[in-house]
Amino acid sequence: MARRVLRLAITNRIFAEKRPGYLSHSATSRVTAEDQGLRDWIAFVLRDVVPSSYRAVDALTKWPGAEEPAKTGYALVHGAGFWDVLAKDPEHGRQFAGAMRSFATGDELSLRHVIDGFPWAKLGETARVVDMGGSTGDTAFALTERFPQLQVIAQDVPDIIAQAEQREGQSVTFLAHDFLAPQPVEGADVYLFRWILHDWPDKYYLRILRALIPALKSGAKMMVMDAILPPIGTIPNINERGARRFDVVMQHLYDAKEREMRNGGSCSLTPTVGFAFAAPRSRRDRDCQSWN
Ligand SMILES: C[S@@+](CC[C@H](N)C(=O)[O-])C[C@H]1O[C@@H](n2cnc3c(N)ncnc32)[C@H](O)[C@@H]1O
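Presented here is a report on the structure given in the accompanying data block. Every value quoted in this text rests on a predicted model; they were computed, and no experiment measured them.

Rules used throughout
Residues numbered from 1 in each chain as written. Predicted model: local features only at pLDDT ≥ 70, side-chain atom pairs only at ≥ 80, totals over all residues. Heavy atoms only, no water. Helix = DSSP H or I, 4+ residues; strand = E, 2+ residues; numbered from the N terminus. Rg over C-alpha atoms; globule rule 2.2 N^0.38 Å. Contact = heavy atoms within 4.5 Å. Near = heavy atom within 4 Å. Polar contact = N/O pair within 3.5 Å; in protein donor to acceptor, adjacent residues only side chain to side chain. Areas by Shrake-Rupley, 256 points an atom, 1.4 Å probe, with all protein chains shown as cover. Buried < 20%, exposed > 50% of the residue type's maximum accessible area, 1.4 Å probe, protein only. Salt bridge = Lys/Arg side-chain N within 4 Å of Asp/Glu carboxyl O. Patch = residues over 30% accessible without salt bridge, like charges linked within 9 Å, V, L, I, M, F, W, Y side chains within 5 Å. Pairing = 2+ DSSP bridges. Right-handed = clockwise from strand over helix to strand, strands pointing away.

For the protein, the helix and strand inventory stands at twelve helices and eleven strands. Relative to its length of 292 residues, the protein is compact, with a C-alpha radius of gyration of 20 Å against a globular reference of 19 Å. Here the C-alpha coordinates of the protein stretch approximately 70 × 50 × 40 Å along the principal axes. Taking contacts inside the protein between residues at least 6 apart in sequence as the whole, the part at least 24 apart equals 62%.

Structure below.
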């Protein structure tokens, strides 16, 4: 059986059989063996995404219009919502954080868009940045590496924060915090949401924003980094397909969505709770927006 499966894999350039009966690595199998993040990504797709998609129609039929992360194709497969499963299974959480790290290794989702997309240096010497749902700190470390004067606080759920490690010569503060609860870090200059709001249906999105408001000082910025769905057919098909694939996966995993450009993308609901639009900043000048 192994020979049959491996020979199928070889047709996808995974492993090679240069001499009949002798298996060797191909570039693809070698990078998979050596790159833990890539393996985490593959595990995320196979264990979380694909089975959830298979049950998505069942979930929509059972709970139409639910707007509940625990009423999804994912929940039908795993018996609970995505975030609840991760909270009980640290290895699953580690794997998800690894998958996120792996996503950021490609140019499209690179951390350099956070670093280059905003004039961080102009925030001043004592500026504080809170990375909401900041995982094990990749974004926070990228920011402090380039802008050592910034004080960056990475917040996430307790199990993820427990897995975060300091990096030599850099200092990031890690804080377990549920962003549905009132924000404990008051008066920061920037509250960053990188790949957060697209994980949440509107009802929860508004709860996240409302929980932040009492901590805001005058002039504080809320920075959102998410994809924005363009009007259909207005960008190259390969890019649009990628964005719409993410949109549908957000539904299957969390009953959430990528938001549309005509509604202000992932900033669409911010005016509802009193935020004002400041400026779009992105590599395409339109798919990341900052609000204050
Ligand atoms: C899609 S990941 C994005 C991670 C990170 N911002 C990045 O850019 O790679 C979403 C993050 O939100 C965190 N998260 C989920 N629910 C949360 C909650 N209630 N409070 C705080 N963080 C949460 C997850 O643990 C995860 O790290």
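Once you've had a look at it, read on.
In this section: the site of the ligand. In the vicinity of the ligand lie 16 residues, with Gly133, Asp156, Asp178, Phe179 and Arg194 positioned nearest. The separation between an oxygen atom of the ligand and a polar side-chain atom of Asp156 is 2.6 Å. In isolation the ligand has 600 Å² of accessible area, and contact with the protein removes 94% of it.

In this structure, His198 sits in the loop between β6 (190-194) and α11 (202-212). His198 sits in the buried class, given a relative accessible area of 7%. In this structure the side chain of His198 is engaged in a polar contact, spanning 3.1 Å, whose partner is the side chain of Asp199. Apart from the residues within four sequence positions on either side, His198 is in contact with Asp226, Met250, Ala256, Lys257, Glu258, Arg259 and Ser266.

Applying the stated criterion to the full structure yields 14 salt bridges. The salt bridge involving Asp202 is made with Lys257; its shortest N-O contact spans 3.3 Å. Residue Asp202 is located in helix α11, and its partner Lys257 is located in the loop between α12 (237-254) and β9 (259-260); the two are separated by 55 residues in the primary sequence. For Glu240, the salt bridge identified is with Arg244, shortest N-O distance 2.7 Å.

Taken together, the side chains of Ile42, Leu46 and Val50 define a hydrophobic patch exposed on the protein surface, amounting to about 260 Å² of accessible area. By secondary structure assignment, the location of Leu46 is in helix α3 (residues 36-54). Residue classification places Leu46 among the exposed residues on the basis of a relative accessible area of 57%.

The next point concerns the pairing of strand β7 (residues 221-225). Of all five residues in β7, four are buried; the element is thus mostly enclosed. Judged from the five bridges that link them, β6 and β7 form a sheet pairing that is parallel. If you follow Leu192 over to β7, its bridge partner there is Met223. Note on the crossover from β6 through α11 to β7: the handedness is right-handed.

With that settled, the discussion passes to the environment of Ala56. Topologically, Ala56 is positioned in helix α4 (residues 56-62). With 106 residues separating them in the primary sequence, Ala56 and Ala162 have C-alpha atoms 32 Å apart. Setting aside residues up to four positions removed in sequence, Ala56 forms contacts with Gly73, Gln251 and His252.

Attention shifts here to the environment of Gln170. Here Gln170 is to be found in the loop between α10 (158-162) and β5 (173-176). Between the alpha carbons of Gln170 and Met250 there is a distance of 33 Å; along the sequence they are 80 residues apart. Look past the residues within four positions of Gln170 in its chain and what remains in contact with it is Phe141, Thr144 and Glu145. At a separation of 2.9 Å, a polar atom in the side chain of Gln170 contacts the side chain of Thr144.

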